[in-house]
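Structural overview for review
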Amino acid sequence: MVRRRQIYEGKAKILYEGPEPGTLIQYFKDDATAFNAQKRGTISGKGVLNNRISEHIFTALQTIGVPTHFIRRLNMREQLIRQVEIVPIEVVVRNVAAGSLSKRLGIEEGTQLPRTIIEYYYKDDALGDPLIADEHIACFGWASQDEMNDIADMAIRVNDFMCGLFAAIGIRLVDFKLEFGRVWDGDYARVILADEISPDGCRLWDMKTSEKLDKDRFRLDLGGEAEAYQEIARRLGLLPEEGEENAVLDLDSHRKKRGR
Ligand code: TMP
Ligand code: ASP
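Residues numbered from 1 in each chain as written. Chains lettered and ligands numbered in written order. Predicted model: local features only at pLDDT ≥ 70, side-chain atom pairs only at ≥ 80, totals over all residues. Heavy atoms only, no water.

**What about the packing of aromatic side chains?**
- Summed over all chains, the structure comprises 2 aromatic pairs.
- The interplanar angle of 15° and the centroid separation of 3.9 Å between the aromatic rings of Y122 and W142 together place this pair among those described as stacked. Of this pair, Y122 sits in strand β10 (residues 112-122) while W142 is found in the loop between α3 (134-139) and α4 (145-167), placing the two residues 20 residues apart along the sequence.
- For Y122, a relative accessible area of 18% gives the class buried.
- Assessed through its relative accessible area of 15%, W142 is described here as buried.
- The rings of Y122, F140 and W142 are connected pair by pair, giving a single aromatic cluster.
- Stacked on the ring of Y16, the Lys or Arg R4 has its end atom at 4.4 Å from the ring centre.
- Above the ring of F218, the side-chain terminus of K39 is found at 4.7 Å from the ring centroid. (Phe/Tyr/Trp six-rings, centres within 6.5 Å; stacked < 30°, edge-to-face > 60°. Helix = DSSP H or I, 4+ residues; strand = E, 2+ residues; numbered from the N terminus. Buried < 20%, exposed > 50% of the residue type's maximum accessible area, 1.4 Å probe, protein only. Lys NZ or Arg CZ within 6 Å of the ring centre and 35° of its normal.)

So, in structure tokens, the structure goes:
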């Protein structure tokens with residue numbers, strides 16, 4: 001096997017040097033963490049599913065004009081991406097009260113919010129990714145006001161698109177987290193969508209039963225986390241349907257069969 005230079009190892013992914021300057025390979029692990037890595041475990045097959053789900057969503061977002069770091073999927077666990085300078089802010093979009101919002105403000109989980117909320121968290125594990133005010137961002141030089149305007153616009157577009165995408169498969173998009181990164185065209189920098197979009201960083205509830213089909217199954221010890229991720233992939237049309245079980249997770253042969 002060819003040895004590649006590892007650039008960074010995060011909680012759920014590893015970044016390796018890419019084949020060309022300005023590219024990286026993003027490898028999806030099965031490792032899962034919660035509560036700032038105080039809880040650790042693995043979700044069998046998660047990396048394969050998240051690679052595929054994130055590819056599907058990023059590709060769709062690119063078709064509506066949202067710029068992303070995604071170039072192409074390379075294999076079951078890896079995708080080729082553009083190298084970016086990550087903006088150290090986690091952008092959380094909320095449509096329904098849940099998680100830390102419910103806890104912090106005492107709003108009952110499941111309450112539909114009268115308008116979509118965007119929150120910003122400073123990406124710093126040592127500080128536990130604290131919630132920050134908009135004003136902190138320019139003040140401490142984490143991003144410029146122009147960059148934040150672009151980020152907020154993109155976050156709303158991503159939310160509108162994803163609400164429809166998931167509603168069409170009977171899923172309520174409760175909330176999700178995005179990360180953005182800078183790329184340079186000469187002296188000019190712009191921000192594009194980076195990281196991943198998968199059940200690791202989204203709350204996805206079945207519309208009929210309100211069953212949680214995301215990482216909350218792991219966070220809250222509900223069990224069935226691998227099955228939940230598979231259900232999301234299946235509903236998105238990324239897994240074989242009944243009767244094709246032998247091909248489960250053999251996504252490449254599945255794609256060939258469907259002629260995609
Ligand atoms: P929260 O309710 O815990 O603040 O989470 C809001 C959303 O952001 C939820 O969909 C999970 C996601 N998220 C991450 O992806 N990474 C994180 O570190 C945290 C805290 C939340
Ligand atoms: N991934 C985060 C961590 O372990 C938290 C979470 O997603 O709940 O720190």
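After that view, the rundown keeps rolling.
**Details of the site of ligand 2**
- All residues adjacent to ligand 2 are K11, T33, A34, F35, N36, A37, K215 and R219.
- One of the side-chain nitrogen or oxygen atoms of K11 is found 2.8 Å away from an oxygen atom of ligand 2.
- Between ligand 2 and the protein, one listed contact pairs an oxygen atom with a side-chain N or O atom of T33 at 2.4 Å.
- In the complex, the protein chains occlude 75% of the 270 Å² of accessible area that ligand 2 would expose alone.
- Residue classes in the shell around ligand 2 are distributed as 3 nonpolar, 2 polar and 3 charged. (Near = heavy atom within 4 Å. Polar contact = N/O pair within 3.5 Å; in protein donor to acceptor, adjacent residues only side chain to side chain. Areas by Shrake-Rupley, 256 points an atom, 1.4 Å probe, with all protein chains shown as cover. Nonpolar A, V, L, I, M, F, W, Y, C, P; charged D, E, K, R; others polar.)

**As for the pairing of strand β13 (residues 188-194)**
- Strand direction decides the pairing type here: strand β12 (residues 171-185) and β13, joined by 7 bridges, are antiparallel. Looking across to β13, one finds that E179 is bridged to A194.
- A loop of 2 residues connects β12 with β13, the two strands running antiparallel in sequence, and G186 in this loop sits at a positive phi of about 65°. (Pairing = 2+ DSSP bridges.)

**Some remarks on the packing of helix α1 (residues 46-63) against helix α6 (residues 225-235)**
- As a packed pair, α1 and α6 sit with axes 10 Å apart at the nearest point and diverge in direction by 25°. Compared by their axis directions, α1 and α6 come out roughly parallel. Every pair of crossing elements has a handedness; the one defined by α1 and α6 is left-handed. Residues K46, L49, N50 and I53 of α1 touch α6, and the partners they reach there are A226, Y229, Q230, I232 and A233.
- Looking at the contact of α1 with α6 residue by residue, the class counts come to 6 nonpolar, 2 polar and 1 charged. (Axes fitted to C-alpha atoms, helices over the stretch in contact; angles between N-to-C directions. Parallel < 35°, antiparallel > 145°, perpendicular 65-115°, else oblique. Left-handed = near helix turned anticlockwise from the far one by under 90°. Contact = heavy atoms within 4.5 Å.)

**A short note on the UniProt feature "domain: SAICAR synthetase/ADE2 N-terminal" (unreviewed entry) in the chain**
- Per the UniProt record, "domain: SAICAR synthetase/ADE2 N-terminal" (unreviewed entry) is found at residues 6-235.
- A distance of 34 Å separates the end C-alpha atoms of residues 6-235, which is 30% helix and 36% strand. (UniProt positions renumbered as here; feature names shortened; annotations may be inferred.)

**Let's talk about α6**
- Burial in α6 covers these residues: E225, A226, A228, Y229, E231, I232 and A233.
- Where the residues of α6 are buried, they touch α1, α4, β12, β14 (202-206) and α5 (216-219).
- Directly beyond the C-terminal end of α6, a positive phi value near 80° is found at G237.

**Quick word on the site of ligand 1**
- Around ligand 1 lies a shell of 14 residues, among which R94, S100, D175, K177 and R203 are the nearest.
- R94 places a polar side-chain atom, nitrogen or oxygen, 2.9 Å from an oxygen atom of ligand 1.
- In this structure, D175 approaches ligand 1 through a side-chain N or O atom, which is 2.5 Å from an oxygen atom.
- Among the elements of the structure, β9 (89-96), α2 (99-105), β12 and β14 are those that each provide at least two residues to the shell around ligand 1.
- For the shell around ligand 1, the per-class residue count stands at 5 nonpolar, 3 polar and 6 charged.

**Some points on the side chain of T23**
- Looking at the secondary structure, you find T23 in strand β3 (residues 23-28).
- Setting aside chain neighbours within four positions, we find T23 in contact with E17, G18, I71, L80, I81, R82 and Q83.

**Examining the environment of S102**
- Counting through the fold element by element, S102 comes out in helix α2.
- Contact partners of S102, with chain neighbours within four places excluded, come to A97, I107, E108 and E109.
- In this structure the side chain of S102 is engaged in a polar contact, spanning 3.2 Å, whose partner is the backbone nitrogen of A98.
- A distance of 2.9 Å separates a polar side-chain atom of S102 from the backbone oxygen of I107.

**Quick word on unusual backbone geometry**
- A positive phi angle, near 65°, is found at A37, a position not held by glycine.
- Turning to its location among the elements, A37 is positioned in the loop between β4 (31-34) and β5 (39-42).
- Take A37: its relative accessible area is 18%, and that puts it in the buried class.
- In this model, D195 sits at a positive phi of 65°, which is unusual for a non-glycine residue.
- The residue D195 is located in the loop between β13 and β14 in this model.

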